[in-house]
There are 2 protein chains.
Amino acid sequence: MPASSIRARVRAEMIDEIKAVARRHLSTDGANLSLRAVARDMGMVSSAIYRYFPSRDELLTALIIEAYDALGDAVAAADAGRDRLDLRGRWHAACRAARDWALAHPAEYALLYGSPVPGYAAPDATVEPAQRPPVTLVGILRDGLAAGRLDPPAEDLPEPVREDLAVIGAALFPGLPESLLARGMAGWTHLFGLISFELFGRLNRAVPHRDEYFDHQTALMADLIGLPA
Amino acid sequence: MPASSIRARVRAEMIDEIKAVARRHLSTDGANLSLRAVARDMGMVSSAIYRYFPSRDELLTALIIEAYDALGDAVAAADAGRDRLDLRGRWHAACRAARDWALAHPAEYALLYGSPVPGYAAPDATVEPAQRPPVTLVGILRDGLAAGRLDPPAEDLPEPVREDLAVIGAALFPGLPESLLARGMAGWTHLFGLISFELFGRLNRAVPHRDEYFDHQTALMADLIGLPA
DNA sequence: CCCGCGTCAAGAGCACTGCTCTCGAATTTG
DNA sequence: CAAATTCGAGAGCAGTGCTCTTGACGCGGG
């Protein structure tokens, strides 16, 4: 049925263009993007947008999912570009990729990891893409353990913590000791804080040498995890 | 001049009431608080608010500064409540105090540490209050070093990093080795990420035992810093 | 004491927002 | 070819921050 396909194709192109224009607005106006402004940029009237997105939040959700995917791809690609056994190299590459993506797309990063929009609840469709960056990071630990290059820390976790981490591990990293997973999550948590601090201007006048500071901070977390030099 | 003082006192009370009502709205409606709604709650018309605050952003700034102070006080009080030599106890108490405050005032925390409001630039008056929580945290390291209970890590920092940290240290923590300051900042960065993850719903279904997870994560950073058990 | 200055709240109004509904026009479908 | 679907435009609603004008009130100096 080529007839209906024409319409479908035009419609898909319209959706893509709306998202592209919205992304552009996002980078200048921040999270409060205006449907009317997007419509104006496309030579349309605001109500026409509603033919393609039922609400502004749905548009935001689409942008969020695409942003998660882009970030996840960037991190995964950087990790994949290193030798599987170069654990520290993979760690640094993945961390830097996340930071580079965030610096290149600050508004989208803020959309993902900034304060949640008051009325907006992230739909379930976003949780899988959101997991990809930390999964890539902890995957480095999994590989290191499997290759015998990384020893699980000799540490007894409090039982409730071990329990929670066991559930997470069973779903995403079967066989990974909980103590190692805990340190991987600490690394991910720290990485998020590090990028957010830089992006949200919290070390504006304090730290001029951003790149070096970032690398050293992530190296500290690699030490905590036990990644071999 | 008691006459003009009456006016001044009424005016100060009005300002306080506006801030109180705005804070209440903040906790329910998030960062996009409405001047008109605040005015309605006070039985006033929106334009009357402008007698006391020249713009919505100025009101936000006032709330931000008060929030920074409240958080800083909470952290400092928790730290001060422990024996000066119980470094790990102080660390945990300070971290927990920050988290407790954030959980009790999620909207204000988001205002401080969430994505920056697009048009809004934090005025200089906010930087000093913003420094107080991390200063309290790193102060624990300074005391530990002075008491001989904490050894600076034997580590050579990259020169640019050492340089930046030396400037920060000279202003706030004279005599503190840069390597230790770096770990203190890692701890602060991680703490911020940890609280944000919990508050912004990123470990909603994943980690049911929040308290224990939080304590264990901060303990990991205490390990990295080298705080003695 | 009381008049005038300064402060204050109110109201109207501007430009903007997300969103809904209706109405023609174009296009696809049977 | 006729019917059904899709689409864009426009008007309109309720809300926003903010400005300006108007009138009332309290205060201090003459």
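Everything numeric in this text was worked out from a predicted model, so none of it was measured.

Undergrad: Sorry if this is basic, but what is going on with the overall build of chain A here?
TA: A count of helical and extended segments in chain A gives 10 helices and 0 strands. Starting at the N terminus and walking to the C terminus, you meet the elements of chain A as α-α-α-α-α-α-α-α-α-α. On the principal axes, the C-alpha backbone points of chain A span a range of 65 × 50 × 35 Å. Across the 229 residues of chain A, 48% fall into the buried class. Accessible surface, chain A: about 10500 Å² in total, of which carbon and sulfur atoms supply 53%. A distance of 7 Å separates the average location of the 24 positive side-chain charges in chain A from that of its 30 negative side-chain charges.

Undergrad: Which parts of the structure should I look at to understand the packing of helix H6 (residues 106–113) of chain A against helix H9 (residues 178–199) of chain A?
TA: Helix packing for two helices is described by the angle between their axes and how far apart those axes are. Residue and element names in this part refer to chain A. One way to put it is that H6 packs onto H9 with a least axis distance of 11 Å and a crossing angle of 135 degrees. For the element pair H6 / H9, the angle class is oblique. For the crossing formed where H6 meets H9, the hand is left-handed. Contacts from Pro106, Tyr109 and Tyr113 of H6 reach H9 at Trp188, Phe192, Ile195, Ser196 and Leu199. Considered class by class, the residues forming the contact of H6 with H9 number 7 nonpolar, 1 polar and no charged.

Undergrad: Just checking my understanding: could you explain the environment of A:Leu35 for this structure?
TA: All names here are of chain A. Along the chain, Leu35 turns up in helix H2 (residues 35–41). Residue classification places Leu35 among the buried positions, given a relative accessible area of 9%. Considered as a pair, Leu35 and Tyr120 are 85 residues apart in the sequence and their alpha carbons are 16 Å apart. Discounting chain neighbours no more than four positions away, the residues touching Leu35 are Ile49, Tyr50, Arg56 and Leu59.

Undergrad: Would you take a moment to explain the relation of the copies chain A and chain B for this structure?
TA: Taken as rigid bodies, chain A and chain B are interconverted by a rotation of 180 degrees and an axial shift of 0.0 Å, the fit giving an RMSD of 0.1 Å. Such a combination of rotation and displacement between the chain copies is what one expects of a two-fold axis.

Undergrad: Even after reading the chapter, I still don't get the interface of chain A and chain B, so can you show me in this structure?
TA: For interface size, the figure often reported is the accessible area lost on association. Across the contact, 49 residues belong to chain A and 49 residues belong to chain B. Of the roughly 3900 Å² buried between chain A and chain B, counting both surfaces, carbon and sulfur atoms make up 68%. Broken down by secondary-structure element, the contributors of at least two residues to the side of chain A that touches chain B are H6, helix H7 (127–146), helix H8 (159–172), H9 and helix H10 (210–225) of chain A. By residue number, the principal contributor to the side of chain A that touches chain B is H9(A), which donates 12 residues.

Undergrad: Mind showing me how you'd approach the packing of helix H8 (residues 159–172) of chain B against helix H9 (residues 178–199) of chain B here?
TA: Residue and element names in this part refer to chain B. Where H8 meets H9, the axes come as close as 9 Å, and the angle between the chain directions of the two elements is 85 degrees. In terms of their interaxial angle, H8 and H9 are classed as roughly perpendicular. Taken together, the residues of H9 that come into contact with H8 (itself represented by Arg162, Leu165, Ala166, Ile168 and Gly169) are Glu178, Leu181, Ala182 and Met185.

Undergrad: When you look at helix H7 (residues 127–146) of chain B in this model, what are you seeing that I'm missing?
TA: Along an α-helix, a turn takes 3.6 residues, which lines up residues three or four apart on a common side. All names here are of chain B. For H7, built from 20 residues, the straight-helix expectation of 28 Å at 1.5 Å per residue is met to within 8% by its first-to-last C-alpha distance of 27 Å. Of all bends in H7, the biggest is about 35 degrees, found at Pro133. Of the residues making up H7, those classed as buried are Pro129, Ala130, Pro133, Pro134, Thr136, Leu137, Val138, Gly139, Ile140, Leu141 and Gly144. Following H7 by one or two positions, Gly148 has its phi on the positive side, about 75 degrees.

Undergrad: Please explain the pattern of salt bridges as it appears in this structure.
TA: Two side chains with opposite charge may pair up if their charged atoms get near one another. In this structure the tally under the stated criterion is 38 salt bridges over all chains. The closest approach of N and O atoms between B:Asp41 and B:Arg24, which form a salt bridge, is 3.0 Å. You can see B:Asp41 sitting in helix H2 (residues 35–41) and its partner B:Arg24 sitting in helix H1 (residues 2–29), a full 17 residues away along the chain. Residue B:Arg24 is classed as partly exposed on the basis of its relative accessible area, which comes to 49%. Between B:Arg210 and B:Glu198 there is a salt bridge; the shortest N-O distance is 3.9 Å. Of this pair, B:Arg210 sits in helix H10 (residues 210–225) while B:Glu198 sits in helix H9, placing them 12 residues apart in sequence. Where salt bridges share partners, they join A:Asp79, A:Arg84, A:Arg90, A:Arg142 and A:Asp143 into one cluster.

Undergrad: Can you help me understand the packing of aromatic side chains in this one?
TA: Describing an aromatic ring pair means giving the distance of the ring centres and the angle of the ring planes. Within the structure shown, the criterion is met by 13 aromatic pairs over all chains. Ring geometry for A:Tyr68 and A:Tyr113: centres 6.1 Å apart, planes at 90 degrees, overall edge-to-face. With A:Tyr68 in helix H4 (residues 56–80) and A:Tyr113 in helix H6, this residue pair connects regions lying 45 residues apart in the sequence. Of the two residues, A:Tyr68 and A:Tyr113, neither departs from the other in class, the shared state being buried. Put simply, the rings of A:Tyr68, A:Tyr109, A:Tyr113, A:Trp188, A:Phe192, A:Phe197, B:Tyr68, B:Tyr109, B:Tyr113, B:Trp188, B:Phe192 and B:Phe197 touch in pairs and so form one group of aromatic residues.

Undergrad: What is the right way to look at the nonpolar core in this model?
TA: The nonpolar side chains of a soluble globular protein tend to be buried with one another. Counting 140 residues, the largest nonpolar core has A:Trp91, A:Leu165, B:Trp91 and B:Leu165 as the members making the most contacts within it. For B:Trp91, the residues in contact, after removing those within four places along its chain, are B:Leu137, B:Ile140, B:Gly187, B:Thr218, B:Met221, B:Ala222, B:Ile225 and B:Leu227.

Undergrad: Looking at this structure, how should I read the side chain of B:Ser196?
TA: Note on placement: B:Ser196 falls in helix H9. Among the polar contacts listed, one links the side chain of B:Ser196 to the side chain of B:Tyr109, at a separation of 3.1 Å. Once residues within four sequence positions are removed from consideration, B:Ser196 is found in contact with A:Phe192 and B:Tyr109.

Undergrad: Can you walk me through the side chain of A:Thr61 in this structure?
TA: Residues and elements named next belong to chain A. Mapped onto the secondary structure, Thr61 falls in helix H4. A relative accessible area of 11% means that Thr61 is categorised as buried. The residues contacting Thr61, other than those within four sequence positions of it, are Tyr120, Pro123 and Thr126.

The rules we used
Residues numbered from 1 in each chain as written. Chains lettered and ligands numbered in written order. Predicted model: local features only at pLDDT ≥ 70, side-chain atom pairs only at ≥ 80, totals over all residues. Heavy atoms only, no water. Helix = DSSP H or I, 4+ residues; strand = E, 2+ residues; numbered from the N terminus. Buried < 20%, exposed > 50% of the residue type's maximum accessible area, 1.4 Å probe, protein only. Areas by Shrake-Rupley, 256 points an atom, 1.4 Å probe, with all protein chains shown as cover. Lys, Arg positive; Asp, Glu negative; His and termini not counted. Charge placed at Lys NZ, Arg CZ, Asp CG, Glu CD. Axes fitted to C-alpha atoms, helices over the stretch in contact; angles between N-to-C directions. Parallel < 35°, antiparallel > 145°, perpendicular 65-115°, else oblique. Left-handed = near helix turned anticlockwise from the far one by under 90°. Contact = heavy atoms within 4.5 Å. Nonpolar A, V, L, I, M, F, W, Y, C, P; charged D, E, K, R; others polar. Least-squares fit on C-alpha atoms with pLDDT ≥ 70 in both. Buried area = accessible area lost by both parts, 1.4 Å probe. Expected span 1.5 Å × (residues − 1). Bend = angle between axes of the 7 residues up to and from the residue. Salt bridge = Lys/Arg side-chain N within 4 Å of Asp/Glu carboxyl O. Phe/Tyr/Trp six-rings, centres within 6.5 Å; stacked < 30°, edge-to-face > 60°. Core = buried A, V, L, I, M, F, W, Y, C linked by side-chain atoms within 4.5 Å. Polar contact = N/O pair within 3.5 Å; in protein donor to acceptor, adjacent residues only side chain to side chain.

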